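Here's the letter readout for the chains.
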Amino acid sequence: MESTSGEDAMKRNPLPAALVSNLQSVLAARRTPAAEVSTAAAAGEAEAEASDAPAGDGAPARPIVLLTCAGGIRSAGLAALVDALVAGGRCDVHVCAPESDKPACGHSITIRETITATSVDFTGAKAFEISGTPVDCVSLALSGRLFPWSSPALVISGINTGPNCGYEMFHSSAIAAAREALVYGVPSIAISLNWKKDETKDSDFKDAAQACLPLINAALDDIVKGTFLRGCLLNIGVPSAPSANKGFKLTKQSGYSPAQSWQAVSASRPSSATHFMGMHQSLGIQLAQLGKDASAAGAARRVSAQRKTVEVESVAAAGKQEIREVVKKLFRAEFVEKRHEDLDEDVDLRALENGFISVTPLNVHGQVEPEMGPPASDWLSAAVSLDKEKDAAPAAADQQDVAAEEKEAPLAA
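The name given to the protein in an unreviewed UniProt entry is Survival protein SurE-like phosphatase/nucleotidase domain-containing protein, with the source organism recorded as Miscanthus lutarioriparius. If you open the UniProt record of the protein and go to Sequence similarities (unreviewed entry), you find "Belongs to the SurE nucleotidase family."

Draft legend 1. Looking closely at the overall build of the protein. The helix and strand tally for the protein stands at eleven helices and eleven strands. Taken over 413 residues, the protein has a buried fraction of 33%. In the protein, 78% of the contacts between residues at least 6 apart in sequence involve partners at least 24 apart. A total accessible area of about 25800 Å² is found for the protein, and carbon and sulfur atoms account for 54% of it.

Draft legend 2. Inspection of the sheet that holds strand E8 (residues 248–250) at higher detail. One open sheet accounts for nine strands, arranged E3-E4-E2-E1-E5-E6-E7-E11-E8; its pairing is mixed. Every other strand in the sheet has two partners, leaving strand E3 (117–122) and E8 as the edge strands with one partner each. Sheet twist, expressed as the mean angle between neighbouring strand axes with direction ignored, is 25°. Taken strand by strand, helix H5 (residues 134–141) contacts strand E1 (64–68), strand E2 (92–98), strand E4 (125–130) and strand E5 (154–161), and its axis lies near 140° from that of E2. Sitting on the sheet, helix H6 (residues 173–183) touches E1, E5, strand E6 (188–193), strand E7 (233–238) and strand E11 (357–362), and the angle it makes with E6 is about 170°.

Draft legend 3. Representation of the packing of aromatic side chains. Counted under the stated rule, the structure contains three aromatic pairs. Summarising the aromatic geometry, the rings of phenylalanine 128 and phenylalanine 147 are spaced 5.6 Å apart at their centres and angled 70° between planes, so their arrangement reads as edge-to-face. Here phenylalanine 128, found in strand E4, pairs with phenylalanine 147, found in the loop between H5 and E5; they are 19 residues apart in sequence, far enough to count as distant. Exposure remark for phenylalanine 147: the relative accessible area of 4% places this residue in the buried category. Taken together, a centroid distance of 5.3 Å and an interplanar angle of 85° make the contact between phenylalanine 228 and tryptophan 379 edge-to-face. One end of the pair, phenylalanine 228, is in the loop between helix H7 (202–225) and E7; the other, tryptophan 379, is in helix H11 (residues 373–412), with 151 residues separating them in the sequence. Across this residue pair, the class does not change: phenylalanine 228 and tryptophan 379 are buried. An aromatic cluster is defined as three or more aromatic residues linked by ring pairs; in this entry it consists of Phe128, Phe147 and Trp149. Across the ring face of phenylalanine 356, the terminal group of lysine 249 is positioned such that the distance to the ring centre comes to 5.1 Å.

Draft legend 4. Representation of the side chain of aspartate 204 in the model. You can see aspartate 204 is positioned in helix H7. Excluding residues that lie within four positions of it along the chain, aspartate 204 makes contacts with Leu193, Glu199, Ser240 and Pro242.

Draft legend 5. Inspection of the nonpolar core at higher detail. Ranked by size, the top nonpolar core spans 50 residues in total, and within it Leu67, Leu85, Val95 and Trp379 carry the most contacts. Residue contributions to this core peak at twelve residues, all from H7. Those residues in contact with valine 95 that sit more than four places away from it in its chain are Leu66, Leu67, Ile73, Leu78, Val82, Ala125, Lys126, Ala127, Phe128 and Phe147. Ile130, Leu146, Ala181 and Val186 belong to the second largest nonpolar core, which has 14 residues in total.

Draft legend 6. Inspection of the environment of isoleucine 130 at higher detail. In this structure, isoleucine 130 sits in strand E4. Look at isoleucine 130 and you get buried, because its relative accessible area is 0%. Distance from isoleucine 130 to serine 100, taken between C-alpha atoms, is 8.7 Å for residues 30 residues apart in sequence. The contact partners of isoleucine 130, leaving out residues within four places of it in the chain, are Cys96, Ala97, Pro98, Glu99, Ile115, Thr116, Ala117, Cys137, Leu140 and Leu146.

Draft legend 7. Main features of unusual backbone geometry. Cis geometry marks the peptide bond from glycine 158 to isoleucine 159; its omega dihedral reads 0°. If you check the backbone angles, aspartate 198 has positive phi at about 65° while not being a glycine. The residue aspartate 198 is located in the loop between E6 and H7 in this model.

Draft legend 8. Layout of the packing of helix H4 (residues 76–88) against H7. Relative orientation of the contacting elements H4 and H7 amounts to 45°, with a least axis distance of 8 Å. Taken as axis vectors, H4 and H7 run oblique relative to one another. Remark: the crossing between H4 and H7 carries right-handed chirality. Across from Ala76, Gly77, Ala80, Leu81, Ala84 and Leu85 in H4, the residues of H7 making contact are Asp202, Phe205, Lys206, Ala209, Gln210, Leu213 and Ile216. A per-class count over the contact of H4 with H7 returns nine nonpolar, two polar and two charged.

Draft legend 9. Seen up close, the pattern of salt bridges. Counted under the stated rule, the structure contains six salt bridges. Residues aspartate 346 and lysine 249 are paired through a salt bridge, measuring 3.9 Å at the closest nitrogen-oxygen approach. Taken together, the residues aspartate 346 in the loop between strand E10 (330–336) and helix H10 (348–353) and lysine 249 in strand E8 connect sequence positions 97 residues apart.

Draft legend 10. Structural view of the side chain of lysine 249. Separated by 3.2 Å, the side chain of lysine 249 and the backbone oxygen of glutamate 345 make a polar contact. Once you skip the residues sitting within four places of it in the chain, lysine 249 turns out to touch Glu345, Asp346, Ala351, Phe356, Ile357, Ser358, Val359 and Leu380.

What counts and what doesn't
- All chains use their own residue numbering, which begins from 1 and follows the written sequence.
- Given that this is a predicted model, residues contribute local features only at a pLDDT of at least 70 and side-chain atom pairs are listed and counted only at 80 or more, while totals for whole chains, interfaces and linings are drawn from all residues.
- The side-chain numbers reported here are obtained from all heavy atoms of the structure, hydrogens and water having been left aside.
- UniProt positions are given in the numbering used here, feature names are shortened, and annotations may be inferred rather than shown by experiment.
- Numbering of helices and strands starts at the N terminus; helices are DSSP runs of H or I of at least 4 residues and strands are runs of E of at least 2.
- Accessible area is worked out with a 1.4 Å probe on protein chains only. A residue is then buried under 20% of its type maximum, exposed over 50%, and partly exposed in between.
- Note on contacts: a residue pair is in contact if any heavy atoms of the two residues lie within 4.5 Å.
- Exposure was quantified through the Shrake-Rupley algorithm and a 1.4 Å probe, taking into account, for residues, occlusion by the shown protein chains and nothing else.
- When DSSP locates at least two bridges between a pair of strands, those strands are taken to pair.
- Lines fitted to the C-alpha atoms define the axes, with helices restricted to the stretch that makes contact. Angles between their N-to-C directions range from 0 to 180 degrees.
- Put simply, two rings from Phe, Tyr or Trp (the six-membered ring, in Trp's case) pair if the centres are within 6.5 Å, and we call them stacked under 30 degrees between planes, edge-to-face over 60, tilted for the rest.
- Cation placement over rings: the criterion is NZ of Lys or CZ of Arg within 6 Å of the ring centroid and within 35° of the ring normal.
- Buried residues of nine kinds, namely Ala, Val, Leu, Ile, Met, Phe, Trp, Tyr and Cys, make up a nonpolar core once their side-chain atoms join them within 4.5 Å.
- Relative orientations are named as follows: roughly parallel for angles under 35 degrees, roughly antiparallel for angles over 145 degrees, roughly perpendicular for angles from 65 to 115 degrees, and oblique for any other angle.
- By the definition used in this description, the sense in which the near helix is turned from the far one sets the handedness, with an anticlockwise turn below a right angle giving left-handed and a clockwise turn giving right-handed.
- Gly is placed with the polar residues, together with every amino acid not listed as nonpolar (Ala, Val, Leu, Ile, Met, Phe, Trp, Tyr, Cys and Pro) or charged (Asp, Glu, Lys and Arg).
- Salt bridges are identified by distance alone: a Lys or Arg side-chain nitrogen within 4 Å of an Asp or Glu carboxyl oxygen.
- Two N or O atoms form a polar contact when they lie within 3.5 Å of each other; inside protein one atom must be a possible hydrogen donor and the other a possible acceptor, and for residues adjacent in sequence the pair counts only when both atoms belong to side chains.

Here's what the structure looks like:
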C-alpha cells in the first residue's frame, strides 16, 4: 500500500484546512436529520387535515352532509336547505349539484364524456357545480376525487320543485340522486315541495327547509349512533303551504302517475337575413356561425350528390328515378295532472293534499317493503316526539320563570 505524502495531499485538496473544516461544519448544520424530516412531514399533513376540519377547541368533528338538487346549483330550494343547515351548525355542509335544471332525468349517468366541476361560492359550505346529471353529482362526490372524503354521514337531494309521488319516482332525478347514495351504502333523503304554479313563492322553500330540519337532525343523531333505518331512503314530500303543515305522516307509495301530453311544435324559423340582423351578438360570433352553416351546407350538398348518384344507378334498370322525401316533425312533452279521487288516506299524494309532510321509505328498487313499515313508524314517532320535547322545554322554563315572578311579587309589595 503506497503512502501519501503531505505534498500530494495539498495538490489534491488545494483549499486551506481551516476553510475546509468551516465548510463542513456549515453543511452539517444545514443537513436535517431523517427523524426531523419525518416529523416535519407529519406536522404538515396534520396541518392540512386541520385546515379541512371544522373549527373548534378540541370538539369532535361534525358529521358531513352532502347536498345535491335536481333543480340545479342556483335553485331556490337548494339555497334554502344550505342556509338552514349552516345556520343550525349541526353538520359540515358540502354541495355538488348540476350547473342547470335537470328534471326527469331518472337514474341517467354520463359516460365517455368529460365532466366539469367548477367551484361556487356558498356561505358556510364548500360547493361545486357539475356539467352532468344529479346522479353524476352524487357518484363523483362519493368517489373521493372531488372532496377530501368519500363517505359523508348523510346525502340529501333537495329541496326539489314538484312532488315525487307514486310512479313519478321512476322519472325523478331527485329520487335517483338519493338512490345513488343508497347504492353506495350512504343514508339518504329526498325532499320535494309540492310546487303549485302561480302560488308557490321562493320563501316557501325556506319554510319547507325549516319544517324538515327536525327530521334531518334526528336522522343525523341516529346515524352517528348507528341506529338509523337501514336499506331504505326517505322520500319526504312537503305540502304547498309549508308553514301551515299539519305535521309528519308515514305514508305508502301511491299508484299515481301524471299523464304525458305531447304537443306539436312549429318548425318555422325566420330567414337567415332576418336572423342575422335580429341577433344582438358580436360580429365575430355571427361570422363564425355563418362559416359553420356554409360548411354544413357544403357537406350536405356533397352527401346529397352522392345519394342521388346511388339512387339513379339503383333505379336505372326500371327506367324511373325515385324521389324520397324526408319528413321531420317537432314535438314537446309535458306532464298533466290527473284526477285521483280514489287515493287512500295513507298514501303520499293524499297526505300532501291534506296538508301533511309525507315520509315514504323506499328501498333501492323503489318499493316499500312490508317489513320496513314498523321500524320506520317507530323511528318517525321517536323523532317527532323528541322534537316536541325540545320545543316544550323552553316553554316550560318560561312558565316556571313566570310562576316564580308571581310568587315574588307579593313579597316585594
